[in-house]
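# Structure assessment
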Amino acid sequence: MLGPGVRTEKFRKSERALSWKKVLWGTVVPLGTLGWITTCALLWQQFDARYKGGGGVSHGAVRLNHGLREATVGHHLPGLDPLADVRIVVLVTSSWTARSLENRHKFRNSSVLMIPPSSSAVSIAYRFLVGTAPSPQTASKVGPLIEAEAAAFGDMLVVPACDSYAELSKKIHEGWKWAGQLDVDYVLKTDDDIFLRMDVLAKEFRELGRQREYWKGFAYWCVLLSLSKSITWVDLGGCREIPAIKDAANKNADFAYELSSFPPYTAGALHILSRDLVQLIAPPTGSRLFVMNEDQNLGLWLYPSGVRPIHDHRIQQIGRASCRERVS
């Protein structure tokens, strides 16, 4: 089409050779413009799916039930009595998986039913903590179920962090950041597959009252020995650290963490922190060093403060034998 014109008189009367100018402006430019627009549209879809979670879940702000409001400092959480002596919010880590959906229903039918009614002494509220969809496919498939669940129960909290195991620490840190801006006295973090005796906790908080620099949980700062199917808590004098996981076969291994051990931390089954410590580890602005495990992150962040965890042996997350021992 861009070649020389027909030179013989025989064909000149019946055919006309196309000039390069006509081809350029009539074909190349329009098709090139269309291709550029198509490429930009596809790139924008990829950006929207990757960084906005797909399905309309935004990475830019915390989403809440009942209006999806963004928390501000001193915000009163629906369900909490602002005049109660002790106000507690419970973050229940969950995810977009079918198993977590089942766990959330079990948690509502067990632990939530044991939350005592709000009173002038203690008021407790909870939220299931999830991140943004780990993939566009998950967002399109599970997103409507999450929205329906949020509308039905009013207890879902979506934070701007990808909901994957590799990003678990960042997701929980966003949950701490959100809770630190609430008008509460204590923040508890647990998981959706944990049975939480909220009635016992409410009674203990009623007696404890408001505290500062309070950190409680199943503390890893000693050595656990398994003897005759029972768990023994052994204090080895100056031993106050846990070796870092460097085994590549372990999914919790973190080779980016260069130290050989971790400072004291509490198990992820239940963290109990006063609000001042929550604000210390997760201020509204700033960055943090993250390691693979969210519970070890807590130990790293709180170690410079000089606050050490109060050990509570009743908290169990791997203790089938312990449960049998306690029953017997």
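Since this is a predicted model, take the numbers as computed values, not measurements. (Residues numbered from 1 in each chain as written. Predicted model: local features only at pLDDT ≥ 70, side-chain atom pairs only at ≥ 80, totals over all residues. Heavy atoms only, no water.)

## So, the environment of His76
Formally: Elements are defined by DSSP. Helices are runs of H or I of four residues or more, strands are runs of E of two residues or more, and each kind is numbered from the N terminus.
One can find His76 in the loop between β1 (63–64) and β2 (86–93). C-alpha of His76 to C-alpha of Gln181: the two residues are 105 residues apart in sequence and 9.4 Å apart in space.

## Considering the side chain of Ser123
Counted only if it meets this: Summary of the burial criterion: residues with accessible area below 20% of their type's maximum are buried, those above 50% are exposed, and those between are partly exposed, where the area comes from a 1.4 Å probe applied to protein chains only. In this analysis, two residues are considered to be in contact whenever any of their non-hydrogen atoms come within 4.5 Å of each other.
With respect to the helices, strands and loops of the structure, Ser123 is situated in strand β3 (residues 122–132). What makes Ser123 buried here is its relative accessible area of 0%. Setting aside residues up to four positions removed in sequence, Ser123 forms contacts with Gly79, Leu80, Asp81, Ala84, Val86, Arg87, Ile88 and Ser118.

## Structural notes on the pairing of strand β5 (residues 186–191)
The two faces of a sheet get side chains in turn, since along a regular strand they alternate between them. What counts here: Any two strands with at least two DSSP-identified bridges between them are counted as paired.
Counting buried residues along β5, six of its six residues qualify, which places the element largely inside the surrounding structure. Taking every second residue as pointing to the same face, both faces of β5 are buried, with Tyr186, Leu188 and Thr190 on one and Val187, Lys189 and Asp191 on the other. Direction of pairing for β2 relative to β5: parallel, over a ladder of six bridges. From the neighbouring strand, Thr93 faces β5, where its bridge partner is Asp191.

## Points about helix α5 (residues 168–180)
Working note: α-helix, 3.6 residues per turn, so residues spaced by three or four point in the same direction. The criterion, for reference: A helix is expected to span 1.5 Å for every residue after the first.
Here α5 is 13 residues long and its end C-alpha atoms lie 18 Å apart, about the 18 Å a rise of 1.5 Å per residue gives. Burial within α5 is extensive, with 12 of its 13 residues counted as buried. Of the positions making up α5, those classed as buried are Leu168, Ser169, Lys171, Ile172, His173, Glu174, Gly175, Trp176, Lys177, Trp178, Ala179 and Gly180.

## Looking at the nonpolar core
Selection rule: Here the nonpolar core consists of buried residues drawn from Ala, Val, Leu, Ile, Met, Phe, Trp, Tyr and Cys, with membership extended through side-chain atoms lying within 4.5 Å.
The biggest cluster of nonpolar side chains holds 70 residues, and the ones touching the most others in it are Ile88, Val90, Leu188 and Leu273. Here this core takes seven residues from β3, the largest share from any one element. If near-sequence neighbours (up to four positions away) are discounted, Leu273 is found in contact with Trp176, Asp185, Tyr186, Val187, Tyr214, Trp215, Val278, Ile281, Leu298 and Leu302.

## Observations concerning the packing of α5 against helix α8 (residues 294–302)
To keep things clear, this is the line we draw: Note on geometry: axes are C-alpha line fits, over the in-contact stretch for helices, and angles between N-to-C directions span 0 to 180 degrees. In what follows, roughly perpendicular refers to angles from 65 to 115 degrees, roughly parallel to angles under 35, roughly antiparallel to angles over 145, and oblique to any angle outside these ranges. By convention, the crossing between two helices is left-handed when the near helix turns anticlockwise from the far helix through less than a right angle, and right-handed when the turn is clockwise.
The geometry of α5 relative to α8 is characterised by a closest axis approach of 9 Å and an angle of 60° between their N-to-C directions. In this view, α5 runs oblique relative to α8, as classed from their interaxial angle. Handedness of the α5/α8 crossing: right-handed. On α8, the residues touching Leu168, Ser169, Ile172 and His173 of α5 are Glu294, Asn297 and Trp301.

## Digging into the packing of aromatic side chains
How two aromatic rings sit relative to each other is set out by the distance from centre to centre and by the angle between their planes. Applicable threshold: Note on aromatic pairs: the rings of Phe, Tyr and Trp (six-membered ring only in Trp) are paired at centre separations within 6.5 Å, and the planes decide the class, stacked below 30 degrees, edge-to-face beyond 60, tilted for the rest.
As enumerated under the stated definition, the model contains seven aromatic pairs in all. An angle of 65° between the planes, with centres 5.5 Å apart, marks the rings of Phe218 and Tyr220 as edge-to-face. Neither Phe218 nor Tyr220 differs from the other in exposure class; each is buried. Judged by centre distance (5.3 Å) and plane angle (20°), the rings of Tyr220 and Tyr265 are stacked. Taken as a pair, Tyr220 in strand β6 (residues 215–220) and Tyr265 in strand β11 (residues 265–274) lie far apart in primary sequence, 45 residues in all. Neither Tyr220 nor Tyr265 differs from the other in exposure class; each is buried. Put simply, the rings of Phe107, Tyr126 and Phe128 touch in pairs and so form one group of aromatic residues.

## Considerations on the environment of Pro117
With respect to the helices and strands, Pro117 occurs in the loop between α3 (98–108) and β3. Residue classification places Pro117 among the exposed positions, given a relative accessible area of 71%.

## Focus: unusual backbone geometry
Phi at Glu213 is positive, roughly 55°, even though this residue is not glycine. Along the chain, Glu213 turns up in the loop between α6 (198–208) and β6. With relative accessibility at 53%, the residue Glu213 sits in the exposed group.

## Things to note about the confidence of the model for the chain
Selection criterion: Note on scores: pLDDT gives the predictor's confidence for each residue, bounded by 0 and 100.
In the predicted model, the chain carries a mean pLDDT of 78, and the fraction of residues at 70 or more is 75%. This stretch, residues 66–73, has a pLDDT under 50; its non-local contacts, to residues over four places away or in other chains, come to 15 contacts. When the criterion is pLDDT under 50, residues 320–328 qualifies, and its contacts beyond four places in sequence or with other chains add up to seven contacts.

## Re the pattern of salt bridges
We count it as follows: Here, a salt bridge means any side-chain nitrogen of Lys or Arg that lies within 4 Å of a carboxyl oxygen of Asp or Glu.
As enumerated under the stated definition, the model contains 17 salt bridges in all. The partner of Asp185 in a salt bridge is Arg210, with the nearest N and O atoms 3.4 Å apart. Of this pair, Asp185 sits in the loop between α5 and β5 while Arg210 sits in the loop between α6 and β6, and the two are 25 residues apart along the sequence. Across the pair Arg314 and Glu204 runs a salt bridge, and its minimum N-O distance is 2.6 Å. Residue Arg314 is found in the loop between β12 (310–311) and α9 (320–327), and its partner Glu204 is found in helix α6; the two are separated by 110 residues along the sequence.

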